[in-house]
Amino acid sequence: MYNLYEIIDSIMEKEDLKVEEIPNIDLYMDQVLNIFDKFFPYNEQEQALTKTMINNYVKAGIIKPAIKKKYNKEHILMIIIICMLKREISLTEIKDAFDDFDNYEKIYKGFLRKKENLNKLTLDFLSNDIESFNKEEDRNTTEKMMDVLLLCYYSNVLSEAARLIINREKNE
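Everything quoted here is computed from the prediction, not taken from an experiment.

Where helix α2 (residues 29-39) meets helix α3 (residues 51-59), the closest approach of the two axes is 10 Å, and the angle between their N-to-C directions is 110 degrees. With respect to each other, α2 and α3 are oriented roughly perpendicular. Contacts between α2 and α3 pair Met-29, Asp-30, Val-32 and Leu-33 from the former with Lys-51, Ile-54 and Asn-55 from the latter. Here the residues of the contact of α2 with α3 are counted per class, giving 4 nonpolar, 1 polar and 2 charged.

Structure representation (structure tokens):
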């Protein structure tokens, strides 16, 4: 049996890279990858950040090229944001979201601050339903599949909302 509350809580408790932990000096690619090895991927099935991925982000025009083969704090913040967004939206949509935006530190700090509140609200909101899920001793495969379907549905709703925000901004 699984405990849905514990699963969601453990995901929400994963530690994020804080802005203050990003060095204020320019870093070579291998140094950047070492930073990301600690915080990404979020789970075992997710691919770790690679040199090829970063180079593809540059080629696609999502992030600025390295300066003399070194990456600064802004590059690292951009890559962090890309790593979070690419789970739910395409790289084209990420590029569209990044267009005309230049204060990555402000947005990332704001995200971390709001994330804590949203995590608490999410757990509070779900607690009634989660409790009823967890009280059932043996959830059969149909009920488990329904749980998975509901979780994926809400993930899709939120991803689609993000896409609509990006596309509306682009079309205005």
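Let us now look at the layout of surface pockets. In this structure, the second largest pocket encloses a volume near 290 Å³. Looking at the lining of the second largest pocket, the elements with two or more residues in it are α1 (4-12) and α6 (104-135). The dominant element in the lining of the second largest pocket, judged by the number of residues it contributes, is α6, at 7 residues. Classifying every residue of the lining of the second largest pocket gives 3 nonpolar, 1 polar and 10 charged.

Below, the discussion takes up the packing of aromatic side chains. Aromatic rings in a pair are described by how distant their centres are and how their planes are angled relative to each other. Applying the stated criterion across every chain, the model contains 3 aromatic pairs. With 5.1 Å between their ring centres and 70 degrees between their planes, Tyr-153 and Tyr-154 make a pair best called edge-to-face. On the accessibility criterion, Tyr-154 (52% relative accessible area) is exposed.

Bringing the side chain of Ser-159 into the picture now. Note that Ser-159 resides in helix α7 (residues 141-171). Among the polar contacts listed, one links the side chain of Ser-159 to the side chain of Glu-88, at a separation of 2.5 Å. Setting aside chain neighbours within four positions, we find Ser-159 in contact with Glu-88 and Ile-89.

Right, let's talk about a nonpolar patch on the surface for a bit. Residues Met-146, Leu-150, Tyr-153, Tyr-154, Val-157 and Leu-158 make up a contiguous nonpolar surface patch of about 620 Å² in total accessible area. On the basis of relative accessible area, Tyr-153 is assigned to the partly exposed category, the value being 46%.

As a further point, take unusual backbone geometry. Even without glycine at this site, Lys-68 takes up a positive phi of about 55 degrees. For Lys-68, the location among the structural elements is in the loop between α3 and β2 (70-71). Even without a glycine there, the phi angle at Lys-69 is positive, about 65 degrees. Inspection of the secondary structure puts Lys-69 in the loop between α3 and β2. On the accessibility criterion, Lys-69 (69% relative accessible area) is exposed.

Cut-offs used in this document
- Residues numbered from 1 in each chain as written.
- Predicted model: local features only at pLDDT ≥ 70, side-chain atom pairs only at ≥ 80, totals over all residues.
- Heavy atoms only, no water.
- Axes fitted to C-alpha atoms, helices over the stretch in contact; angles between N-to-C directions.
- Helix = DSSP H or I, 4+ residues; strand = E, 2+ residues; numbered from the N terminus.
- Parallel < 35°, antiparallel > 145°, perpendicular 65-115°, else oblique.
- Contact = heavy atoms within 4.5 Å.
- Nonpolar A, V, L, I, M, F, W, Y, C, P; charged D, E, K, R; others polar.
- 1 Å grid on protein atoms, 1.4 Å probe; cavity = no way out; pocket = protein on both sides within 12 Å on 5 of 7 lines; lining within 4 Å.
- Points joined across faces, edges and corners; volume = space filled by probe spheres on them.
- Phe/Tyr/Trp six-rings, centres within 6.5 Å; stacked < 30°, edge-to-face > 60°.
- Buried < 20%, exposed > 50% of the residue type's maximum accessible area, 1.4 Å probe, protein only.
- Polar contact = N/O pair within 3.5 Å; in protein donor to acceptor, adjacent residues only side chain to side chain.
- Patch = residues over 30% accessible without salt bridge, like charges linked within 9 Å, V, L, I, M, F, W, Y side chains within 5 Å.
- Areas by Shrake-Rupley, 256 points an atom, 1.4 Å probe, with all protein chains shown as cover.
- Salt bridge = Lys/Arg side-chain N within 4 Å of Asp/Glu carboxyl O.

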